[in-house]
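Close look at the chain arrangement
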Amino acid sequence: MHIPKTLNIPEKNILIIGNRSYKNLGDELILLGTVKLLIQEGKQITIAAYDPHWLKKFFSTFIDTTEITFITEIPKGFRSWIRYIRQGKLKERKLYRKADALIIGWGEIITEENKNAYRYRLISLLPCFRKPRYLMGGIQIPKKIFNRLLFNVLLKRTKRIFARDTESLHELKQYGYTNAEFFMDTCFFAYPRKKMNNEKWIMNNVKKYIVINLNKNAEQFLPEIIQDVKKLYNQWYAVIYVPVAKGKGEKYDDMRYVHKIQRWAEIKDQRFSILDREEDFEHFIKTLAQAHLVISSRLHLFLIASFLGVPTKVYPYQKKILKMQNIIEKL
């Protein structure tokens, strides 16, 4: 399966919206990979984010951010609008209008599994609604009439769709939209795997361990994950937990499952640890690359491990995981 490495976007000044930076590893790496591709093509880049200051600081450990403009995303709720106005963010709208084109990208960006997906995408476009746009990620054709109306509005000025799976391409074609092409989830470009493959690892006497993760959406799989972990732990594997998402609220706080897994799988402290990917990303990647197995309910932990050649077991709480499993198999 061929993986394109160049985005077919002729415009120079690009605004990226939709990668919200709620301290979610998947969103961050999708965005980072996209930015790296645009830098290679000499684009001027503006990024709208939930927390632009944190995102700039995080990205500065990977790339030179001095030429990238970070602005605050358009609020989605009443209280966030009040905060947006009080912080003087209204003046940033002119930076939205300066863009020649937009990229709307954030994993499974159009899906009824997220009830607000269509409305949120359109709200994000308010200051620059008439600009040409490109969609990037997973697309699921809506079934509800109102969502189809919003989807058609979104498609109206969309010049091209970069779909990360072949099922999305097929559904778009069936829907009558043909200006779409396959483009791998851009987390593929976020980290130089060649560097990883060229390094010589000292594998002798390395402690055996597995890497695990769980999130709110996949909570129904907790008993099965406990059984997986307990079985390997009893075979003398250490257990490393990765909080992929570290934001606020149940859906964005993976740390809430640390003690449940440790207690229910009867894991002792000396063979259990937490791996913070935000603290040292290089160490995170190296640790992940040498794991015996990665057990995850987060799509992008599964993807990164797969790109590194690590055996994985993923619990598919949403259709997007099944679609990307199919793409990995084709690769």
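Residues numbered from 1 in each chain as written. Predicted model: local features only at pLDDT ≥ 70, side-chain atom pairs only at ≥ 80, totals over all residues. Heavy atoms only, no water.

Here the focus is the nonpolar core. Judged by nonpolar contacts, the single largest core of 86 residues is most densely connected at Ile16, Val35, Ile47, Phe59, Ile210, Phe284 and Leu288. One finds Ala117, Leu122, Ile139 and Leu155 within the second-largest nonpolar core, a separate group that totals 30 residues. (Core = buried A, V, L, I, M, F, W, Y, C linked by side-chain atoms within 4.5 Å. Buried < 20%, exposed > 50% of the residue type's maximum accessible area, 1.4 Å probe, protein only.)

This paragraph deals with a positive patch on the surface. Taken together, the side chains of Lys115, Arg119, Lys144 and Lys251 present a region of like positive charge at the surface. Here Lys115 is to be found in the loop between strand E4 (101-105) and helix H5 (117-124). Judged by relative accessible area, Lys115 falls into the exposed class, the value being 71%. (Patch = residues over 30% accessible without salt bridge, like charges linked within 9 Å, V, L, I, M, F, W, Y side chains within 5 Å. Areas by Shrake-Rupley, 256 points an atom, 1.4 Å probe, with all protein chains shown as cover. Salt bridge = Lys/Arg side-chain N within 4 Å of Asp/Glu carboxyl O. Lys, Arg positive; Asp, Glu negative; His and termini not counted. Charge placed at Lys NZ, Arg CZ, Asp CG, Glu CD. Helix = DSSP H or I, 4+ residues; strand = E, 2+ residues; numbered from the N terminus.)

This part takes up unusual backbone geometry. Of note, the phi angle at Trp236 is positive, near 75 degrees, even though the residue is not glycine. On the secondary structure map, Trp236 appears in the loop between helix H9 (222-233) and strand E9 (238-241). Looking at Trp236, the relative accessible area reads 63%, which means it is exposed. Here the phi dihedral of Glu266 falls at roughly 55 degrees; this positive angle occurs in a residue that is not glycine. Looking at where Glu266 falls in the secondary structure, it is placed in the loop between helix H10 (258-264) and strand E10 (272-274).

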